[in-house]
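Residue strings, one per chain:
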Amino acid sequence: MLWRRYPSWALPALVSLCLVLLTWPATINTNASSTDGAAVHLAARADPPRKDDGFTDVVQWDNYTIFLHGQRLFLHSGEFHTFRLPVPDLWLDIFQKMVAAGFNAVSIYIHMGATNPAPGVLDFNGWRALQPIYDAAKLAGILIVLRPGPYINAETTAGGIAHWATSLVAGTLRTNASDWTAAYEPYIDGIIKETLPNQVTEGGPVIAVQVDNEYSQSPITRAEYFANLEKQYRDGGIVVPLTYNDPGMGRNFINGTGAVDIYGLDSYPQGFDCSNPTHWAPVVTSYHQYHATNNPSEPWYMPEFQGGSFDPWGGPGYDACEVLTGPDFQDVFYKNNWASNVKLISYYMLYGGTSWGGFPFPGVYTSYDYGSSIRETRALSAKYDEVKRQGLFLRSSPAFRKTDWVGDSAGGIPGVNVSNSAAFATFLRNPDTGTGFFIVRQTDSTSTATISFNITVPTSKGTLTLPQTTSGIALHGRQSKVLLTDYTFGARSSVLYSTASVFFAGAIGTRDVLFLFGDADQSHEFALALGGSGARVQSSRVHFASALRGLTTVTVLPGVTGLVTIWDSDTQLVLFADPVTAATFWAPAIRAPTRDTVAGFETFWQFGTNTTVLVGGPYLVRNASLAEGGRTLALRGDLNASVALTVIAPPSVTGMTWNGARVEGLRATTDARGRGGFLTGHLAERAAVKGVSAPKLTGWRFADSLPEVGAGFDDSAWTVADHTTTNITRKPLFGDGRVLFGCDYGFCEGNVLWRGHFNGTGSETSVNLTINGGSSFAASVWINDQFISTVHNGADQINALFPFPEGSVKVGQDNVVTVLQDHMGNDEDSNEKSARGIPGFQLNSGNFTTWKVQGKVGGYLNFPDKVRGIMNEGGLFGERQGWHLPGFDLSSANFTTRELSAGLPSGGAGVGFFVTTFELDVPKGTDTMMSFVFDGGVGNSGQAYRALLFVNGWKFGKRVANVGPQASFPVPPGILDYNGKNTVAVALWALNGTAVSPTLDLVIDTVLDGGVGPISTNNPGWAPRPSV
């Protein structure tokens, strides 16, 4: 363990801080021309001793950052779960969008329950495969932090633990219990086997593996579980660092048994209530101190920081969650993390996706949009623009990878003064370059007022009070800024200070390029040496003044919008824009191997290439390359409209292609004055995009899907429910000792049906049932063929008395109580062994003779649909027959013509299957995002029905019309066949005696000209299956 192997870095860090303070200017002087004697003098300092895990030195770390192949790395990551987008060809789409926003890593959960559906069965095929994840990540140039659990939480059923284990394992899950160890070890072995050749040590993208998730180190049985997992990884050949994600400041697994290599903190400061989305919690101010106290010798890591919020059944919907955690939240809270000196961070979620089939835990519905920067449809949001502004700054700022935390407004900052106590500043400083980063926000981080302040800061030219030319620096409510001093960019340029924000900094061709941005209603100021022979912008809103021996102070006054070329010379280009305009620019990496390129990392920024261009205008730039000897810039990306194009490239570039087609009419800007490398033009959206439309869903066919309540139904092939013991945590409450928990009989997902038989004597008048289905479940009860009632009240378990209608009991004959229950998934945390089923049953007189149970065909041992997997089907009759699958012969099941909006023929409670087909012919070269929308998009329509939506056999929606909020269900290409026949089925469960009339439409959400490339489908059709 690290704390035993290496001396703490805390003491050297303290000594370094003292040295910094001793060299600080002793006086504050606002006259920059006379402060040479007070300038800060720096000597390059040796890095702290690097540490590693003892298995490889390809990945190392010190108290600042991790190192990859000897280079410091600010790990800038977002969360994406491939199982929530079960179309492998689309994983590259998400990765490309992440890289385009400046991210260099992705955090990925793997779901044990999907991959290990039964004891001894491992399935790394199709959408469960790991190799396509690794291949797509390498192609995009993004690192992976792999998080395979076994427990992942993720608002998924049983927290990711395989359902069979919740029933078969007698010991406590997530401990050193021997049967739990035997249950998970084959799964982890499978993860190891798939991952071994894909570690960064082998040229792959996997830079770290997380051990389990969100737990505590006590009692010792938990710590030993972690130690066993770690040993299994190491014995199996995993050599990259092992990490941990601590839920809150719990200090777990930093030291002692089960301690990991790099500890991390999980934090969601806004919580998960999106119902009042403009209400903010204050920023957390203790992050830095927590790290300094608990693990100062490691870099500060946040494996999960709030990127959105989940939304519960009946919640306000994910648009509200997007507001709760919107661009202003990202601006203030993410930069507050930077101010805490966090150097490894991942935002949960960056793309949420869809909790299709049986993946959700009871607290969430099908959509896992999460209000993320990339929405469930894969569209980019305003939040994406903000993380891109931040991501390209981080990518452009190597000095930010190594900073000392000097102080903040709460405790005082040596040599720094902030004029207004309403402004809060934190000073980070690179000890080698002297670059200063002043992260400022309002002291009351929840405030919506606008304030102004001045700040006195040390620079290499002396102590300065900023701004120099205007009255103050403005901060809007819920805004944060990073002010800079002594910031270098490109090959030879530097900024003495800037109150404007950096969007991009670096070299493009032979020029040093600096792209600043700031709000159009604020003033901004920066000072730098303007290099080369060039031209200044001529504008009444941009002022230039000479200052500090060869430096020029540039003041941008309020009112500047769009892109402004501040300075354009043969060696330097300085740009300024408002934040919205800045976010229309992209800086794609261009493969340009050098002697420093790391083998296997040719597509990765920093490790494979540092060559880029700036492209303004398109909706997305996916990648770029130089062709024809560097004369042609080849771009691939997406358009959502025809746009003006701006390109800043090496001067050799005179032509351009977009998605393979030559861009005509490129011209050099007048500012370029013959120097080249600054081109403008126009990208026209193709006419084909305008012609995309969605067909009407008509021609529905209907069949009854609840024959189980009909007279004479034969359940002889069903499983007899006769267990008298269970490993599930909650035990039966009452009855005759029989255990009626679905998973104990192999039925752990989707709807489950129970049939309790008894011999009628005439004295039976009711049955008392306790039914457990998870929060927001429903259950309907029949006696023979007569409906009694449906229970649903939001609770996870309901006890009710079900009175038998007069005359419903057949005296002297077999009678059947049928229970149809919804299974909302297993709980997370300590109740993964959830008691889904009937924990209590009692006739008012007499006893049940036999209980039968049926869920999905084959249960978890023998389910037939191996492509869509264990989570896809439940136990409704239509599902068991395969009516939802493409190619099923409807005539063989007596389907009749009936529109979905007509509801069930009886007008009462029951279940019916509605099926129709439609053709799509979406033009190639487009990314068309579609959704199925119930009831015109009204989340809670008040209609008492539940519906399952199947698209080409995939269960891609659960609609609860009288709870909501979800009415729109996005379905991606690959599930939909965009150039062929599609089958859509709706299993409609009417909950009571009131007729329901749902509607369903296929709608176009967005059509983009471009896309990631061809998307294959894998939608197996119907095949004969056992009849139960």
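Residues numbered from 1 in each chain as written. Predicted model: local features only at pLDDT ≥ 70, side-chain atom pairs only at ≥ 80, totals over all residues. Heavy atoms only, no water.

## Notes on the sheet that holds strand E45 (residues 779-783)
Filter applied, for reference: By this definition, two strands are paired if DSSP reports at least two bridges between them. Each helix is a run of DSSP H or I of at least 4 residues and each strand a run of E of at least 2, with the numbering of both proceeding from the N terminus.
On the basis of which strands lie adjacent, the open sheet formed by 6 strands has the order E42-E50-E43-E48-E45-E46 and antiparallel pairing. Two strands in the sheet have a free side with no partner beyond their single neighbour: strand E42 (719-720) and strand E46 (786-791). By the bridge criterion, 5 bridges tie strand E43 (residues 752-759) to strand E50 (residues 850-854) in an arrangement that is antiparallel. Among the inter-strand pairings, tryptophan 754 is bridged to a residue of E50, identified as valine 853.

## Describing the pairing of strand E47 (residues 797-803)
So the rule is basically this: Think of it in three bands: with a 1.4 Å probe and only protein chains considered, a residue is buried below 20% of the maximum accessible area for its type, exposed above 50%, and partly exposed in between.
Here E47 shows a clear split, with Ile798, Ala800 and Phe802 buried on one side and none of Gln797, Asn799, Leu801 and Pro803 buried on the other. Note: strand E44 (residues 766-772) against E47, 7 bridges, orientation antiparallel. Paired with leucine 769 across the two strands is alanine 800, which belongs to E47.

## Considerations on empty space enclosed by the protein
For clarity, the threshold we go by: Any residue with an atom within 4 Å of a point lines the site, the site being either a cavity, points on a 1 Å grid over the protein atoms alone where a 1.4 Å probe fits but cannot get out, or a pocket, an open set with protein on both sides within 12 Å along at least 5 of 7 lines. Grid points are joined across faces, edges and corners, and a volume is the space filled by probe spheres set on the points. Gly falls in the polar group here, along with every residue not listed as nonpolar (Ala, Val, Leu, Ile, Met, Phe, Trp, Tyr, Cys, Pro) or charged (Asp, Glu, Lys, Arg).
Here the structure, examined in full by the defined rule, presents 11 cavities of 30 Å³ or more. In terms of lining residues, the largest cavity is bounded by 22 residues, among which Gly357, Gly358, Pro360, His823 and Lys958 are the most central. Considered class by class, the residues forming the lining of the largest cavity number 8 nonpolar, 10 polar and 4 charged. Of the pockets and cavities examined, the second largest cavity occupies roughly 100 Å³. Lining of the second largest cavity is provided by 18 residues; of these, Glu376, Thr377, Pro970, Val971 and Pro972 occupy positions nearest its centre. Examining the composition of the lining of the second largest cavity, we find that 3 residues originate from one element, strand E53 (residues 926-934), more than from any other. For the lining of the second largest cavity, the residue count by class is 11 nonpolar, 3 polar and 4 charged.

## Quick notes on the nonpolar core
Among soluble globular proteins, nonpolar side chains are generally buried collectively. Applied cut-off: To define a nonpolar core, start from buried Ala, Val, Leu, Ile, Met, Phe, Trp, Tyr and Cys residues and group those joined through side-chain atoms within 4.5 Å. Any two residues having at least one pair of non-hydrogen atoms within 4.5 Å are treated as being in contact.
Counting residues in hydrophobic clusters, the biggest one holds 249 residues, and the most contacted among them are Phe95, Trp180 and Phe932. When neighbours within four sequence positions are excluded, tryptophan 180 is seen to be in contact with Met112, Pro150, Ile161, Ala165, Val169, Thr172, Leu173, Arg174, Thr175 and Tyr225. Of all hydrophobic cores here, the second largest spans 29 residues; its members include Leu753, Leu948, Trp989 and Val1028.

## Topic: the confidence of the model for the protein chain
To keep things clear, this is the line we draw: Each residue carries a pLDDT score, the predictor's own confidence in it, on a scale running from 0 to 100.
Of the residues in the protein chain, 95% have a pLDDT of 70 or more, and the chain-wide mean is 94. A low-confidence stretch, residues 1-43 (pLDDT under 50), is modelled with 70 contacts involving residues beyond four sequence positions or located in other chains.

## A short note on the packing of helix H11 (residues 327-339) against helix H12 (residues 382-396)
We count it as follows: Angles run from 0 to 180 degrees between N-to-C directions of axes, and those axes are lines fitted to C-alpha atoms, restricted for helices to the stretch in contact. Put simply, angles under 35 degrees are roughly parallel, angles over 145 are roughly antiparallel, angles from 65 to 115 are roughly perpendicular, and the rest are oblique. By convention, the crossing between two helices is left-handed when the near helix turns anticlockwise from the far helix through less than a right angle, and right-handed when the turn is clockwise.
Interaxial distance between H11 and H12 falls to 9 Å at its minimum, and their mutual angle equals 30°. The angle between H11 and H12 falls in the class roughly parallel. Our pair here, H11 against H12, has a crossing hand that is right-handed. For the pair formed by H11 and H12, the contact residues are Pro327, Gln330, Asp331, Tyr334, Lys335 and Trp338 on the first element and Ala382, Lys383, Glu386, Val387, Gln390, Phe393 and Leu394 on the second. By residue class, the composition of the contact of H11 with H12 is 7 nonpolar, 2 polar and 4 charged.

## Let's talk about the state of the cysteines
Inclusion rule: A pair of cysteine sulfur atoms is labelled a disulfide when the two atoms are within 2.5 Å.
The final tally for this structure, using the stated rule, is 2 disulfides. Cysteine 274 shares a disulfide with cysteine 321; S-S distance 2.1 Å. Because the sign of the S-S torsion sets the handedness, a value of about 105° for the bond joining cysteine 274 and cysteine 321 places this disulfide among the right-handed ones. In this pair, cysteine 274 sits in the loop between strand E9 (262-267) and helix H9 (287-294) while cysteine 321 sits in helix H10 (residues 318-324), placing the two residues 47 residues apart along the sequence. We note that cysteine 274, like cysteine 321, is buried. What pairs with cysteine 743 in a disulfide is cysteine 748, and their sulfur atoms sit 1.9 Å apart. Here the S-S torsion is close to 85°, and the disulfide linking cysteine 743 with cysteine 748 is therefore right-handed. Each of the two residues, cysteine 743 as well as cysteine 748, counts as buried. If you count the bonded cysteines of the protein chain from the N-terminus, they pair up as 1-2, 3-4.

## Thoughts on the packing of aromatic side chains
What counts here: Classification of ring pairs uses Phe, Tyr and Trp, with its six-membered ring standing for Trp, and accepts pairs whose centres are within 6.5 Å; under 30 degrees between planes counts as stacked, over 60 as edge-to-face, and the remaining range as tilted. For a Lys NZ or an Arg CZ to count as sitting over a ring, it must be within 6 Å of the ring centre and within 35 degrees of the ring normal.
One pass over the structure, following the stated rule, counts 66 aromatic pairs. Taking the centre distance of 5.4 Å and the plane angle of 75° together, the rings of tyrosine 348 and tyrosine 370 count as edge-to-face. On the criterion of sequence distance, the pair formed by tyrosine 348 in strand E11 (residues 342-351) and tyrosine 370 in the loop between E11 and H12 is long-range, its members being 22 residues apart. An identical accessibility class is assigned to tyrosine 348 and tyrosine 370; each is buried. Taken together, the ring pairs connect Trp180, Tyr184, Tyr215, Tyr225, Phe226, Tyr244, Phe253, Tyr263, Tyr290 and Trp300 into an aromatic cluster. Lying over the aromatic face of tryptophan 605, arginine 395 brings its terminal NZ or CZ to 3.9 Å of the ring centre.

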